[in-house]
Amino acid sequence: VIRIMAKLPILHFPDPRLRTKAKPVLVVDDTIRRLANDMLETMYDAPGVGLAASQVNHHIRLLVIDITEEKNQPMVFINPVITPLTDATVPYEEGCLSVPSVYDFVERYARVSVTALNEHGESFTLETEGLLAVCLQHEQDHLDGKLFVDYLSSLKRQRIKAKMLKQQKQNA
Ligand code: ZN
């Protein structure tokens with residue numbers, strides 16, 4: 001079967017739809033696999049290392065991540081549950097496809113475990129640290145309607161919001 005993948009429009013902060021709490025995926029079927037593929041295409045094109053379904057206006061618990069330089073290790077996480085494996089946090093400079101050209105430091109758990117379903121509906125668990133651990137926590141937040149700018153001071157967030165609104169007005 002030949003299928004053309006499609007790039008999806010990404011919602012941008014402060015779009016209120018980004019605040020929607022995502023619902024669990026009930027069945028991992030072709031519709032979900034197609035969405036996951038389109039999300040990967042969208043993420044690679046952006047380019048980014050992670051994308052939550054919430055960011056493309058699908059409010060279900062689905063994430064795609066690829067942290068490799070070569071962009072050849074796509075990972076799909078359906079209904080992910082993330083558990084910290086340490087109290088220790090690390091600062092990491094984060095960005096977000098929904099908040100373009102904004103980067104700032106956020107503290108995340110240094111080591112986490114994630115249990116999820118893959119694109120075949122099979123459960124898997126992995127323990128991870130570094131960029132993948134940070135990315136998982138950032139993307140998981142999207143599913144709960146939370147953005148990395150929420151961790152910054154309200155002054156910074158207001159400035160970012162004003163900058164985004166100005167950009168959006170210029171692009172409109
Ligand atoms: Zn993000």
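Everything below is about the structure printed above this text.
Read on for a plain summary of the structure. These numbers come from a predicted model, not from an experiment. What you see as residue numbers is a count from 1 along each chain, following the sequence as written. Local features in a predicted model are, by the rule used here, given only for residues with pLDDT of at least 70; side-chain atom pairs are given and counted only at 80 or more, and totals for whole chains, interfaces and linings are based on all residues. By convention in this description, side-chain values take in all heavy atoms of the structure and omit both hydrogens and water.

Side note on the coordination of the zinc ion
Expected angles at a metal are 109.5 degrees for tetrahedral coordination by four donors and either 90 or 180 degrees for octahedral coordination by six donors. Bound to the zinc ion are the protein donor atoms Cys96 (SG), His138 (NE2) and His142 (NE2), situated 2.1 to 2.2 Å from the metal. Positions of the donor residues of the zinc ion, expressed as sequence spacing, correspond to C-x41-H-x3-H. A residue pair is termed long-range when its members are at least 10 positions apart, and Cys96 in strand S4 (residues 89-96) and His142 in helix H2 (residues 130-143) qualify at 46 residues. Neither Cys96 nor His142 differs from the other in exposure class; each is buried. Note that water is not among the atoms used; donors are N, O and S atoms within 2.8 Å of the metal (3.2 Å for Na, K and Ca), so sites may look incomplete. Counting from the N terminus, the helices are the DSSP runs of H or I reaching at least four residues and the strands are the DSSP runs of E reaching at least two. Think of it in three bands: residues with accessible area under 20% of the maximum for their type are buried, residues over 50% are exposed, and the middle band is partly exposed, with areas taken using a 1.4 Å probe on protein chains only.

Here's the deal with the nonpolar core
Note on terminology: a nonpolar core comprises buried Ala, Val, Leu, Ile, Met, Phe, Trp, Tyr and Cys residues joined through side-chain atoms within 4.5 Å. Among the nonpolar cores identified, the biggest contains 17 residues, and Met39, Leu51, Leu62, Val64, Val76 and Ile78 are the most heavily contacted of them. Looking at this core, the elements that each hand over two or more residues are helix H1 (30-45), strand S2 (62-65) and strand S3 (75-84). In terms of residue count, H1 provides more of this core than any other element does, six residues in total. For Val64, the contacting residues outside a window of four places in its chain are Ala36, Met39, Leu40, Met43, Val49, Gly50, Leu51, Met75 and Val76. Here, two residues are considered to be in contact whenever any of their heavy atoms come within 4.5 Å of each other.

Section: the layout of surface pockets
For each structure, a 1 Å grid was placed over the protein atoms alone; sets of points admitting a 1.4 Å probe that cannot get out are labelled cavities, open sets with protein on both sides within 12 Å along at least five of seven lines are labelled pockets, and lining residues have an atom within 4 Å of a point. Grid points are joined across faces, edges and corners, and a volume is the space filled by probe spheres set on the points. When its volume is computed, the largest pocket comes out at roughly 480 Å³. In this structure, the largest pocket is lined by 21 residues; those nearest its centre are Val49, Glu94, Gly95, Cys96 and Tyr103. Secondary structure elements with two or more residues in the lining of the largest pocket: S4, strand S5 (99-109) and H2. Residue composition of the lining of the largest pocket, grouped by class: twelve nonpolar, six polar and three charged. Residue type decides the class: Asp, Glu, Lys and Arg count as charged, Ala, Val, Leu, Ile, Met, Phe, Trp, Tyr, Cys and Pro as nonpolar, and the leftover types, Gly among them, as polar.

Thoughts on H2
Its 14 residues place the ends of H2 21 Å apart at the C-alpha level, agreeing with the 20 Å of an ideal helix rising 1.5 Å per residue. Counting buried positions along H2 gives twelve out of 14 residues, so the element sits mostly inside the fold. The complete set of buried residues in H2 reads Leu132, Ala133, Val134, Cys135, Leu136, Gln137, His138, Glu139, Gln140, Asp141, His142 and Leu143. Note on H2: the residue one or two positions beyond its end, Gly145, has a positive phi of about 75 degrees. Each residue after the first adds 1.5 Å to the expected span of a helix.

Function cannot be read off these values alone, since they describe shape.
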